[in-house]
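# Breakdown of the fold
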Amino acid sequence: MTSLEPIFEAIKTSAFRIHEAITNEDTDYSAQSNQSGDIQLKLDIISDLIIAEEFSKLPVIKTIASEEKEEAETLHPDGQLLIAYDPLDGSSLIDVNLSVGSIFGIYDGGWDAQNMIAAVYVVYGPRLEMVTAYHESVRHYIYRHGRFKEMELIKLNEKGKLNAPGSTQNCWSSEHKALIEELFDEGYRLRYSGGMVPDLHQILLKGGGLFSYPATSDRPNGKLRKLFEVFPFAFIYELAGGEAIGAKGERLMELPCSEPHESAPCYFGSKYEIAKAKDVCCKQ
Ligand code: AHG
Ligand code: MN
Ligand code: MN
């Protein structure tokens with residue numbers, strides 16, 4: 001048992017409970033919105049409550065921060081670890097029954113990316129799956145017959161075939177347009193569902209490609225939130241042999257975070273596509 005095993009077990013229990021909620025609860029919006037200004041689905045709130053309840057059973061967890069909570073919350077003052085999570089990522093896809101996910105970043109010592117020691121995501125699709133990045137490897141689990149079965153380790157190829165560009169073209173910079181165009185000219189296929197968990201999971205399992213959510217004219221700091229979305233996937237992509245960079249080509253894992261809901265432009269991919277992104281749109 002690794003020392004994070006109780007946390008991974010709590011995430012598995014949460015995943016199972018959230019999967020049940022997605023199957024059985026209604027998919028309506030609530031009357032509330034979160035810190036990012038998104039109107040919350042009832043399922044966003046339920047998923048957040050489930051995870052907070054499971055984590056509150058573990059004395060090692062000092063503080064949690066959630067996309068659905070305004071402020072970080074102390075669970076156990078004598079605990080050691082901090083966990084940031086997006087309880088239901090891609091929740092606007094719930095009504096059309098596309099895949100959604102949960103994302104977790106586990107930190108020791110503070111919320112800056114350098115303090116991350118592990119990252120985990122769960123995919124709620126036709127199957128329930130989990131991916132953990134910890135101790136130098138990215139592990140893939142599929143839920144079968146009542147338990148998460150470990151599959152092969154996840155490793156990215158040097159170069160992939162998929163292109164997943166976020167936001168809308170009329171908000172992209174000319175450099176970003178050029179990057180996306182170049183990849184399509186090279187034969188890359190468009191694969192973008194609007195849920196970063198299934199979109200990034202697809203690129204990881206199909207060997208590579210590029211997922212980008214750049215700085216846009218309507219969101220100069222991008223849309224995706226550092227703590228709940230950007231840092232965990234940066235950690236996972238780097239461990240899987242890929243790279244994850246920001247608007248200036250810097251490693252996302254070197255960025256500080258001063259406020260829990262802060263966002264950052266981001267590019268995740270295998271080495272070939274990231275080199276191209278650095279070359280075409282991160283030169284300034
Ligand atoms: P959430 O449902 O947690 O608010 O996250 C939605 C995010 C992410 O999953 C996805 O990649 C992105 O929003 C899609 O945004 P665009 O529709 O602007 O591309
Ligand atoms: Mn999200
Ligand atoms: Mn969410």
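Each chain carries its own residue numbering, running from 1 in the direction its sequence is written. Just so you know, chain letters begin at A and ligand numbers begin at 1, following the order they were written in. Thresholds applied to this predicted model are a pLDDT of at least 70 for local features of residues and 80 or more for the giving and counting of side-chain atom pairs; totals over whole chains, interfaces and linings are not thresholded and use all residues. With hydrogens and water set aside, each side-chain value is computed from the structure's full complement of heavy atoms.

Next up on the list: the coordination of the manganese ion (ligand 3). With water omitted from the atoms examined, metal sites may look incomplete; donors here are N, O and S atoms no farther than 2.8 Å from the metal, or 3.2 Å in the case of Na, K and Ca. Every protein donor of the manganese ion (ligand 3) is accounted for by Glu67 (OE), Asp86 (OD) and Leu88 (O), and the metal-donor separations fall at 2.3 to 2.4 Å. Positions of the donor residues of the manganese ion (ligand 3), expressed as sequence spacing, correspond to E-x18-D-x1-L.

The next subject is the coordination of the manganese ion (ligand 2). Ligation of the manganese ion (ligand 2) by protein atoms is provided by Asp86 (OD), Asp89 (OD) and Glu229 (OE), these donors lying 1.9 to 2.1 Å from the ion. If you list the donors of the manganese ion (ligand 2) from N- to C-terminus, the spacing comes out as D-x2-D-x139-E. Between the manganese ion (ligand 2) and the manganese ion (ligand 3), a spacing of 3.8 Å is present, and a bridge between the two is formed by Asp86. Residue Asp89 is located in strand 5 (residues 81-89), and its partner Glu229 is located in helix 5 (residues 226-239); the two are separated by 140 residues in the primary sequence. Of the two residues examined, Asp89 and Glu229, each falls in the buried class. Numbered from the N terminus, helices here are DSSP runs of H or I no shorter than four residues, and strands are runs of E no shorter than two. Burial here depends on accessible area, computed with a 1.4 Å probe over protein chains only, as a share of the maximum for the residue type. Under 20% is buried, over 50% is exposed, and the range in between is partly exposed.

Here the focus is the site of ligand 1. Neighbouring ligand 1 are 19 residues; Asp89, Gly90, Tyr192, Tyr213 and Lys223 lie closest to it. N or O atoms closer than or at 3.5 Å make up a polar contact, with two conditions inside protein: a donor-capable atom paired with an acceptor-capable one, and, for residues adjacent in sequence, both atoms drawn from side chains. Separating an oxygen atom of ligand 1 from a side-chain N or O atom of Glu67 is a distance of 3.1 Å. Contact between ligand 1 and Tyr213: an oxygen atom at 2.7 Å from a side-chain N or O atom of the residue. Look at ligand 1: alone it shows 470 Å² of surface, and the protein chains cover 83% of it. At the level of elements, strand 5 and strand 13 (209-213) are the ones that each hand at least two residues to the shell around ligand 1. The leading source of residues in the shell around ligand 1 is strand 5, at three residues. Ten residues, namely Ala, Val, Leu, Ile, Met, Phe, Trp, Tyr, Cys and Pro, are considered nonpolar, four, namely Asp, Glu, Lys and Arg, are considered charged, and the remaining ones, Gly among them, are considered polar. Here the residues of the shell around ligand 1 are counted per class, giving six nonpolar, six polar and seven charged. Two domains each put at least three residues into the shell around ligand 1: domain 1 (5-153) and domain 2 (162-280). Residues are labelled near a given molecule or strand when at least one of their non-hydrogen atoms is within 4 Å of it. We get accessible surface area from the Shrake-Rupley algorithm with a probe of 1.4 Å; when it comes to residues, only the shown protein chains can shield them. Note that domain bounds follow an automatic or database assignment of domains.

As a packed pair, helix 4 (residues 196-205) and helix 5 sit with axes 12 Å apart at the nearest point and diverge in direction by 10°. Compared by their axis directions, helix 4 and helix 5 come out roughly parallel. Where helix 4 abuts helix 5, its residues Met196, Val197, Leu200, Ile203 and Leu204 lie against Glu229, Phe233, Ile236 and Tyr237. Note on definitions: angles span 0 to 180 degrees between N-to-C directions of axes, and those axes are lines fitted to C-alpha atoms, for helices only across the stretch in contact. Throughout this description, any angle smaller than 35 degrees is read as roughly parallel, any larger than 145 degrees as roughly antiparallel, any in the 65 to 115 degree range as roughly perpendicular, and the remainder as oblique. In what follows, a contact means two residues having at least one pair of non-hydrogen atoms within 4.5 Å.

Pairing between strands is defined by DSSP: at least two bridges between the two strands are required. Strand order in the open sheet made by the eight strands is 4-3-5-6-7-8-9-10, with mixed pairing throughout. Across the chains shown, the open sheet's two edge strands, defined by having one partner strand only, are strand 4 (73-74) and strand 10 (147-150). Along the sheet, helix 1 (residues 5-24) contacts strand 3 (61-66), strand 5, strand 6 (100-107), strand 7 (116-124), strand 8 (128-134), strand 9 (137-144) and strand 10; its crossing angle with strand 7, the most-contacted strand, is approximately 25°.

We now examine the packing of helix 1 against helix 2 (residues 42-55). Where helix 1 meets helix 2, the axes come as close as 9 Å, and the angle between the chain directions of the two elements is 150°. As far as their axial angle goes, helix 2 and helix 1 are roughly antiparallel. Where helix 1 crosses over helix 2, the handedness of that crossing is right-handed. Counting all contacts with helix 1, which are made through Ile7, Ala10, Ile11, Thr13, Ser14, Arg17, Ile18, Ala21 and Ile22, the residues of helix 2 involved are Leu43, Ile46, Ser47, Ile50, Ile51, Glu53, Glu54 and Phe55. Class assignment for the residues of the contact of helix 1 with helix 2 results in 11 nonpolar, three polar and three charged. Working rule for handedness: look at the near helix, and if it is turned counterclockwise from the far one by less than a right angle, call the crossing left-handed; if clockwise, right-handed.

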